[in-house]
Amino acid sequence: MDLSMLDLELLRSFVSVVDAGGFTRAGERLHRTQSTVSQQIKRLEDDVGRPLLSRIGKQVTPTDDGERLLSYARRILSLAEEARDVLTRPAQDGAVRLGIPEDFAAYRLTELLASFARSRPGLRLAWHMAYSSSSLAGVQAAIAAGLGLGILSDIAIQPEHRVLTAKDGFAPIDKTEVALVATPEASLATLRLADSLAEFCSSVQAEAA
């Protein structure tokens, strides 16, 4: 299975067939014949080495593999369109990159940044996410691979991690904060668990001190 060179036209036909529910309607959207669209889907299936669409009469639905590819196909096509749009725009005034915690950027600051960007059409206010993971293991692996810096507890530091100190230009992190929030409608069991967690955090803090 070779996924290194996914053809954009094939992906566009694949997404169109899924959205339209059939080859004929997809062909109408793409201004191609039904047979051409069918051949493109066959080429894409040959490239990935597995069936992507299930054909029952005139009804066409994605297979499990097709569902998995579909979300990637949409993202690839969207990025390609975005890149094309950026490169065909008139010369820009430059780019401004702002790094800021998400909790600080909410509400009023978001409105300020939007207003700032609208007042300068030639200026690109952009951001770049190097890596995102909901798991500790994923974050640990990304840090070990050199994708960025991270703040980890002592027990989460692995042998392949490099600990940055004042010699590297980083001040020590003396304190971190954990917030525990419970809704007013929380059950008695939830509140008891919250109390237990608060006691646990207090004991850990006392041991660290």
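Preceding this section is the structure that the text describes.
A brief report on the enclosed structure follows.

Section: unusual backbone geometry
Unusually for a residue other than glycine, His31 sits at a positive phi of about 60°. Tracing the chain through its elements places His31 in the loop between helix H2 (23-30) and helix H3 (34-48). According to the relative accessible area criterion, His31 is exposed, its value standing at 74%.

A closer look at the side chain of Asp65
Among the structural elements, Asp65 can be located in helix H4 (residues 64-88). Here the side chain of Asp65 touches Arg68 through a polar contact of 2.3 Å, side chain to side chain. In this view, Asp65 contacts Arg50, Pro51 and Leu52; residues no more than four positions away in its chain are not counted.

What about H2?
Turning to H2, its buried residues are Phe23, Ala26, Gly27 and Leu30. Along H2, the residues classed as buried sweep out an arc of 100° about the axis, all on the same side. Along H2, exposed side chains directed more than 90 degrees from the buried face belong to Glu28 and Arg29. Tucked into the core, H2 has its buried residues touching helix H1 (8-20), H3, strand E1 (53-56) and strand E2 (59-62). Two residues or fewer past H2, His31 is found with a positive phi of approximately 60°.

Some thoughts on the pairing of E1
Note: E1 against E2, four bridges, orientation antiparallel. Residue Ser54 lies in a different strand from E2, and its bridge partner there is Thr61. Here E1 folds back onto E2, and the loop between the two strands holds two residues, one of which, Gly57, carries a positive phi near 65°.

Some thoughts on the layout of surface pockets
Taken as a whole, the largest pocket encloses approximately 1,500 Å³ of empty space. Surrounding the largest pocket, 34 residues form its lining, Ile151, Leu152, Ser153, Ile173 and Thr176 being those nearest its centre. For the lining of the largest pocket, the leading source of residues is helix H7 (residues 188-208), giving six residues. The class makeup of the residues in the lining of the largest pocket is 19 nonpolar, nine polar and six charged.

Observations regarding the pattern of salt bridges
Once the charged atoms of two side chains with opposite charge are near each other, the side chains can pair. On inspection of all chains with the given rule, the structure shows nine salt bridges. Across the salt bridge formed by Arg50 and Asp65, the nearest N and O atoms sit 3.6 Å from each other. You can see Arg50 sitting in the loop between H3 and E1 and its partner Asp65 sitting in helix H4, a full 15 residues away along the chain. A salt bridge links Arg84 to Glu81; its shortest N-O distance comes to 2.7 Å. Here Arg84 pairs with Glu81, and both are found in helix H4, just three residues apart, close to one helical turn. Note on Glu81: relative accessible area 45%, which makes it partly exposed. Among the ionic contacts, a cluster of salt bridges with common partners joins Glu9, Arg12 and Arg32.

Focus on the side chain of Thr63
Counting through the fold element by element, Thr63 comes out in the loop between E2 and H4. With a relative accessible area of 18%, Thr63 lands in the buried category. Setting aside residues up to four positions removed in sequence, Thr63 forms contacts with Pro51, Leu52, Leu53 and Ser54.

Conventions we followed
Residues numbered from 1 in each chain as written. Predicted model: local features only at pLDDT ≥ 70, side-chain atom pairs only at ≥ 80, totals over all residues. Heavy atoms only, no water. Helix = DSSP H or I, 4+ residues; strand = E, 2+ residues; numbered from the N terminus. Buried < 20%, exposed > 50% of the residue type's maximum accessible area, 1.4 Å probe, protein only. Polar contact = N/O pair within 3.5 Å; in protein donor to acceptor, adjacent residues only side chain to side chain. Contact = heavy atoms within 4.5 Å. Arc of directions from axis to C-beta. Pairing = 2+ DSSP bridges. 1 Å grid on protein atoms, 1.4 Å probe; cavity = no way out; pocket = protein on both sides within 12 Å on 5 of 7 lines; lining within 4 Å. Points joined across faces, edges and corners; volume = space filled by probe spheres on them. Nonpolar A, V, L, I, M, F, W, Y, C, P; charged D, E, K, R; others polar. Salt bridge = Lys/Arg side-chain N within 4 Å of Asp/Glu carboxyl O.

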